[in-house]
Amino acid sequence: KQEVTQIPAALSVPEGENLVLNCSFTDSAIYNLQWFRQDPGKGLTSLLLIQSSQREQTSGRLNASLDKSSGRSTLYIAASQPGDSATYLCAVKLGSARQLTFGSGTQLTVLP
Amino acid sequence: GAGVSQSPRYKVAKRGQDVALRCDPISGHVSLFWYQQALGQGPEFLTYFQNEAQLDKSGLPSDRFFAERPEGSVSTLKIQRTQQEDSAVYLCASSLVAGTTYEQYFGPGTRLTVT
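This is a predicted model, so every value here is computed, not measured.

Side note on the overall build of chain B
Regarding its fold elements, chain B presents zero helices and 11 strands. Along chain B, from the amino end to the carboxyl end, the secondary structure elements read β-β-β-β-β-β-β-β-β-β-β. Against the compact-globule benchmark of 13 Å for 115 residues, chain B has a radius of gyration of 13 Å, which places it among compact chains. Across its three principal axes, chain B shows a C-alpha extent of roughly 45 × 25 × 25 Å. Of the roughly 5600 Å² of accessible surface on chain B, a fraction of 47% belongs to carbon and sulfur atoms. Across chain B, the 11 positively charged side chains and the 11 negatively charged ones have centroids separated by 8 Å.

This is the structure:
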């Protein structure tokens, strides 16, 4: 059974810092990996999707990397802003399944 | 264009009541998923539809949970005889089918509180 772990569970940084969120998964037979953002009381907003054949994806200040063989992905946020405060979730889709398996998320607080 | 919508956004039910949660997927999206998110946790898969066919219901926690998508568009998740442990946010997602990235788009969720 695929398990997804996110470390740390919570992170607080001052505005302007660069930061890295970590995601690890146990089954490397993934089809793709998605990073989501969730604001309190809201649904999930997709940030980046990395196919299994890709090593990284970038969108603005966000960069996500994928190392399938080691079962790891990182989300790099450059020059953090208070508006980045949210919970960040990673989710993997196995090649053999349609659904996503999620980690428990990292709750990020960026202090002004 | 319009995203995934869900209603109601909030539902309070007394223990033992039946509830029905609605999901309107993105137009043209063939696949539809339901997830359950407990407080402080990531979403967990409940069930999956391709068009009107329910292809996977392995995540439904008990036979009190039932989902349908009769015309291959709108879906309803029904919970009978609600229990306190059913309190959670119920998320719906939709995606295109094979030949795409399978990227899933989520609705805002329905927060169910069972008292």
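Considerations on the interface of chain B and chain A
The interface is formed by 23 residues belonging to chain B together with 20 residues belonging to chain A. In this assembly, chain B packs against chain A so that about 1700 Å² is buried in total across both faces, 52% of it on carbon and sulfur atoms. Inspection of the chain B/chain A interface yields zero salt bridges. Seen at the junction of chain B and chain A, the total is nine residue pairs in polar contact (both at pLDDT 80 or more). For the side of chain B that touches chain A, the secondary structure elements donating two or more residues are strand 4 (31-37) and strand 5 (44-50) of chain B.

Thoughts on the sheet that holds strand 3 (residues 19-24) of chain B
Residue and element names in this part refer to chain B. Pairing in this open sheet of four strands is antiparallel, and the strands run 1-3-8-7 from one edge to the other. The outermost strands of the open sheet, each flanked by one partner alone, are strand 1 (5-7) and strand 7 (65-68). Going from strand to strand, the sheet's axes swing by 15 degrees on average, the running direction of each strand aside.

Some points on the pairing of strand 7 (residues 62-67) of chain A
Each regular strand displays side chains that alternate between the two surfaces of the sheet. Residues and elements named next belong to chain A. As paired elements, strand 6 (residues 56-59) and strand 7 share four bridges and run antiparallel to each other. Of the residues in strand 7, the one forming a bridge with Ser59 is Leu62. Counting the residues in the hairpin turn of strand 6 and strand 7 gives two residues, including Gly60, whose phi is positive at 60 degrees. With six bridges connecting them, strand 7 and strand 8 (residues 72-77) associate as antiparallel partners. Paired with Ser65 across the bridge in strand 8 is Thr74. Between strand 7 and strand 8, which pair antiparallel and follow one another directly, the connecting turn spans four residues, one of which, Gly71, has a positive phi of 70 degrees.

Describing the state of the cysteines
All chains considered together, the criterion is met by two disulfides over all chains. Between the sulfur atoms of Cys23 of chain A and its disulfide mate Cys90 of chain A the distance is 1.9 Å. Torsion about the S-S bond of the Cys23 of chain A and Cys90 of chain A cystine: about 65 degrees, corresponding to right-handed handedness. Of this pair, Cys23 of chain A sits in strand 3 (residues 19-25) while Cys90 of chain A sits in strand 9 (residues 86-94), and the two are 67 residues apart along the sequence. Neither residue differs from the other here; Cys23 of chain A and Cys90 of chain A are each classed as buried. Covalent S-S linkage joins Cys23 of chain B and Cys92 of chain B, the inter-sulfur distance amounting to 1.8 Å.

Digging into the nonpolar core
In terms of nonpolar packing, the biggest core is built from 24 residues, with Leu33, Trp35 and Leu75 of chain A touching the most fellow members. One finds Cys23, Ile26, Phe65 and Cys92 of chain B within the second-largest nonpolar core, a separate group that totals 20 residues.

Description of the packing of aromatic side chains
Under the counting rule described, the total for this entry stands at eight aromatic pairs over all chains. On the numbers, 5.5 Å between centres and 40 degrees between planes, the contact of Tyr35 of chain B with Phe106 of chain B is tilted. Here Tyr35 of chain B is found in strand 4, whereas its partner Phe106 of chain B is found in strand 10 (residues 105-106), with 71 residues between them in sequence. A single burial state applies to Tyr35 of chain B and to Phe106 of chain B, both of which are buried. Taken together, the ring pairs connect Phe36 and Phe102 of chain A together with Phe33, Tyr35, Phe45, Tyr48 and Phe106 of chain B into an aromatic cluster. Sitting above the plane of the Tyr31 of chain A ring, Lys93 of chain A keeps its charged end 4.7 Å from the centroid.

Structural notes on the sheet that holds strand 7 of chain A
Either a parallel or an antiparallel arrangement is found when strands of a sheet pair, and the pairing is made through backbone hydrogen bonds. Residue and element names in this part refer to chain A. With antiparallel pairing, the five strands of this open sheet are ordered in space as 1-3-8-7-6. Strands with a single pairing partner mark the edges of an open sheet, and in this sheet they are strand 1 (4-7) and strand 6. Put simply, the sheet's adjacent strands are angled 15 degrees from each other on average, direction ignored.

Calculation notes
Residues numbered from 1 in each chain as written. Chains lettered and ligands numbered in written order. Predicted model: local features only at pLDDT ≥ 70, side-chain atom pairs only at ≥ 80, totals over all residues. Heavy atoms only, no water. Helix = DSSP H or I, 4+ residues; strand = E, 2+ residues; numbered from the N terminus. Rg over C-alpha atoms; globule rule 2.2 N^0.38 Å. Areas by Shrake-Rupley, 256 points an atom, 1.4 Å probe, with all protein chains shown as cover. Lys, Arg positive; Asp, Glu negative; His and termini not counted. Charge placed at Lys NZ, Arg CZ, Asp CG, Glu CD. Contact = heavy atoms within 4.5 Å. Buried area = accessible area lost by both parts, 1.4 Å probe. Salt bridge = Lys/Arg side-chain N within 4 Å of Asp/Glu carboxyl O. Polar contact = N/O pair within 3.5 Å; in protein donor to acceptor, adjacent residues only side chain to side chain. Pairing = 2+ DSSP bridges. Axes fitted to C-alpha atoms, helices over the stretch in contact; angles between N-to-C directions. Disulfide = S-S within 2.5 Å. Buried < 20%, exposed > 50% of the residue type's maximum accessible area, 1.4 Å probe, protein only. Core = buried A, V, L, I, M, F, W, Y, C linked by side-chain atoms within 4.5 Å. Phe/Tyr/Trp six-rings, centres within 6.5 Å; stacked < 30°, edge-to-face > 60°. Lys NZ or Arg CZ within 6 Å of the ring centre and 35° of its normal.

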